[in-house]
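# Structural overview for review
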Amino acid sequence: MKREISIIGAPMDLGQARRGVDMGPSAIRCAGLSERLQRLGYEVYDEGDIEIEIRERAKSTSSTHLKNLEAVAEGNQRLCTKVQEVISLGRFPLVVGGDHSIAIGTLAGVSKRAENLGVIWYDAHGDLNTAETSPSGNIHGMPLAVSLGMGHPLLTNIGGYLPKVKPENIVIIGARSLDIGEKELIREKGIRVYTMHEIDRLGMTKVMEEAISYLKERTDHVHLSLDLDGLDPKEAPGVGTPVVGGISYRESHLAMEMLAEANFITSAEFVEINPILDDLNRTAEVAVALVGSLLGENLLFEQKNLLTLTSS
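Residues numbered from 1 in each chain as written. Predicted model: local features only at pLDDT ≥ 70, side-chain atom pairs only at ≥ 80, totals over all residues. Heavy atoms only, no water.

## So, the pattern of salt bridges
Convention followed: By convention in these notes, a salt bridge is any Lys or Arg side-chain nitrogen within 4 Å of a carboxyl oxygen on Asp or Glu. Strands are runs of DSSP state E lasting at least 2 residues, helices are runs of H or I lasting at least 4, and numbering of each runs from the N terminus.
All told, the structure shown has twelve salt bridges when counted by the stated rule. A salt bridge links E47 to R91, with the shortest nitrogen-to-oxygen separation between them at 3.1 Å. Here R91 lies in the loop between helix 3 (69–88) and strand 3 (92–97) and E47 lies in strand 2 (residues 43–49), a separation of 44 residues in the sequence. Linked through salt bridges whose partners overlap, the residues forming this network are E4, E47, K82, E85 and R91.

And the structure:
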């Protein structure tokens, strides 16, 4: 079993309105991502950043109110291609962002090799809006809906196929800010959601045990999409859309450690780190620490081989 990881930077800031999240990949690198993984025994390849159009040149020619549609679609197509290239080399794709619209490209890249992709969406938000339900037109609030095949064709057709994931193969963890249209879609599609109410009531251990058991029964690959705003803003202040009352730092480490023990995560992305809004790069450091836990680090420095995808 190979122990190779490719880090892919996706400096996307076009899926939302606040500036600065395009510096997220640099912030997480400065926080020692490669060094942390190397200490765990992984062979790390930093693939650099995919090309993203700068906001000032991202002109929209479509009639839709979706902001920066064409540039977001182009960047995600490049990300999809890069993720597929990394997987073809037998490496674990670790994507760092950038706003959460990059999940459109990541999921398009990882789903191609999966018969039944599972997704853990660790986020304060559902990201299940469409052009019809979005109050803002920001595409970073739409990647999960897009991956279900719902949305503008420029987005849903990235990678040349749709859908990328089935609704019954999704688990959302940490939700506490859902729009009306998202709530309706969750009920309609039967998407499994653990809100902060369930986390508080059941505890993170029970939530993760249920989520892991649920996905192991029905999927062949599992992707983790972790938005740093899933954590409470007191723990991760450098995010563009903070929501109070979130998951704690320790609960998040426990969740990542349990995923490492489950040995079934085959790709991951960490998104929405905005250094401009941060406190001395604290949020990027939190992200790096969580990556370490996901990939086998614990207090005794035990190394676990998580990269199940390399034999696929």
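Past the structure itself, the notes keep going.
## A closer look at unusual backbone geometry
Spelled out, the test is: Only protein chains enter the area calculation, which uses a 1.4 Å probe; residues under 20% of their type maximum are buried, those over 50% are exposed, and those in between are partly exposed.
The step from G97 to G98 runs through a cis peptide bond, and the omega angle for that step is 20 degrees. Residue position: G98 is located in the loop between strand 3 and helix 4 (103–111). Phi is positive for D127, close to 50 degrees, though the residue is something other than glycine. As for its placement among the helices and strands, D127 is situated in the loop between strand 4 (117–122) and helix 5 (143–147). Judged by relative accessible area, D127 falls into the buried class, the value being 5%. Although it is not a glycine, N281 sits at a positive phi angle of roughly 65 degrees. Its place among the elements puts N281 in the loop between strand 8 (265–271) and helix 11 (282–294).

## Here we look at the pairing of strand 7 (residues 221–227)
When a strand is regular, its side chains alternate between the sheet's two faces. Short version of the rule: Only strands that DSSP links by at least two bridges are regarded as paired with each other. The definition of a right-handed crossover adopted here requires that, viewed with the strands pointing away, the path from the first strand over the helix to the second runs clockwise.
By the criterion of burial, strand 7 is predominantly enclosed, with seven of the seven residues buried. Burial along strand 7 is two-sided: H221, H223, S225 and D227 and V222, L224 and L226, pointing in opposite directions, are all buried. Where strand 4 lies against strand 7, six bridges are found, and the strand directions are parallel. Across the sheet, residue V119 finds its bridge partner in strand 7, namely H223. Pairing geometry for strand 7 and strand 8, over six bridges, is parallel. For D227, the partnering residue across the bridge sits in strand 8 and is V271. This β-α-β element, strand 7 to helix 10 (residues 249–262) to strand 8, shows right-handed connectivity.

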